[in-house]
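The residues making up each chain are set out below.
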Amino acid sequence: MISSPPRPIVTERVDYDPTGPREKFIVPLLRRHIEGVLNDYAAPAPPLARALDVGWGRQPFRKKLESFGYSFIGIDVQQNPEKFVDFTCAIDEPLPEGLVSRGPFHFILCTEVMEHVADWDKAFENLASLMT
C-alpha cells in the first residue's frame, strides 16, 4: 500500500483581508466574490438548515452563514489555534461517522481547498454524499 505524504501545516486566515502588499488586489476581490455567492445562493436559509465549511479552519465566513440562519459545522485537515474545527479530516479520505451523521447539509462552502486535494474523485464523491 502506498501512503500519502504528510499534509503540510498551513497558516489560515482569521478574516479575509490582505496580509501584505501581494494580496492587496486578489484577496478583496475573492472576498467580494465569495460574499456575493453566499448572498445569491445561501440566503435565506431554509428552516433547520445546516452549512458545512470545508477546509477553512478559522472560518472567516461562519458569521455570515449563521446570520442567514444556518447551523454551522467546519472541517479541516488540522485543528485551528482557537480549537473550533468540528472535525479534523481530509475531504478526499473516508469521512468520520460523526460528520456524516450531522448531515445532510443544505449548503457546503469549499474555497481554496481543491488545489490541495490529491484525489478529486473521492473529494467530489464525499461532497455529494454530504448534500441534501
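So, here's what we can say about the structure. (Residues numbered from 1 in each chain as written. Predicted model: local features only at pLDDT ≥ 70, side-chain atom pairs only at ≥ 80, totals over all residues. Heavy atoms only, no water.)

1. Overview of the environment of G98
1) Next: Its place among the elements puts G98 in helix α3 (residues 97–102).
2) Next: Among the residues examined, G98 registers a relative accessible area of 30% and is labelled partly exposed.
3) Next: The spatial distance from the C-alpha of G98 to the C-alpha of F87 is 8.3 Å, given a sequence separation of 11 residues. (Helix = DSSP H or I, 4+ residues; strand = E, 2+ residues; numbered from the N terminus. Buried < 20%, exposed > 50% of the residue type's maximum accessible area, 1.4 Å probe, protein only.)

2. Topic: the side chain of N80
1) Next: Turning to its location among the elements, N80 is positioned in the loop between β2 (71–76) and β3 (87–88).
2) Next: Residue classification places N80 among the buried positions, given a relative accessible area of 1%.
3) Next: One polar contact links the side chain of N80 to the main-chain amide nitrogen of K83, over a distance of 2.6 Å. (Polar contact = N/O pair within 3.5 Å; in protein donor to acceptor, adjacent residues only side chain to side chain.)

3. Regarding the sheet that holds β2
1) Next: Read from one edge to the other, the open sheet built from 4 strands follows the order β3-β2-β1-β4, with strand pairing classed as parallel. Two strands lie at the open edges of the sheet, namely β3 and β4 (107–109), each paired on one side alone.
2) Next: Of the strand pairs in this sheet, β2 and β3 are connected by 2 bridges, and their pairing is parallel. Pairing of I75 across the sheet is with F87, part of β3. (Pairing = 2+ DSSP bridges.)

4. Some words on the nonpolar core
1) Next: The biggest cluster of nonpolar side chains holds 33 residues, and the ones touching the most others in it are L38, L52, L65, Y70, I91 and L99.
2) Next: Looking at this core, the elements with two or more residues in it are α1 (26–41), β1 (50–54), β2, β4 and α4 (120–130).
3) Next: Contacts of Y70, omitting those with residues within four sequence positions, involve A42, A45, P46, A49, R50, A51, L65, H106 and F107. (Core = buried A, V, L, I, M, F, W, Y, C linked by side-chain atoms within 4.5 Å. Contact = heavy atoms within 4.5 Å.)

5. A closer look at the pairing of β1
1) Next: Most of β1 sits inside the fold, with 4 of its 5 residues counted as buried.
2) Next: Bridge analysis of β1 against β2 gives 5 bridges, and the strand direction is parallel. In the strand pairing of β2, V54 is matched with I75.
3) Next: Each parallel crossover has a hand, and for β1 linked through helix α2 (residues 62–67) to β2 it is right-handed. (Right-handed = clockwise from strand over helix to strand, strands pointing away.)

6. As for the packing of aromatic side chains
1) Next: Considering all chains together, one arrives at 2 aromatic pairs under this definition.
2) Next: Ring centres of Y70 and F107 lie 6.1 Å apart, and the angle between their planes is 50°; this geometry places the pair in the tilted category. Remark: F107 occurs in strand β4 and Y70 occurs in the loop between α2 and β2; sequence separation between them is 37 residues. Grouping residues by exposure puts Y70 and F107 together as buried.
3) Next: Measuring from ring centre to ring centre gives 6.3 Å for W120 and F124, while their planes differ by 75°; the resulting arrangement is edge-to-face. (Phe/Tyr/Trp six-rings, centres within 6.5 Å; stacked < 30°, edge-to-face > 60°.)

All we've got here are geometric facts, nothing functional implied.
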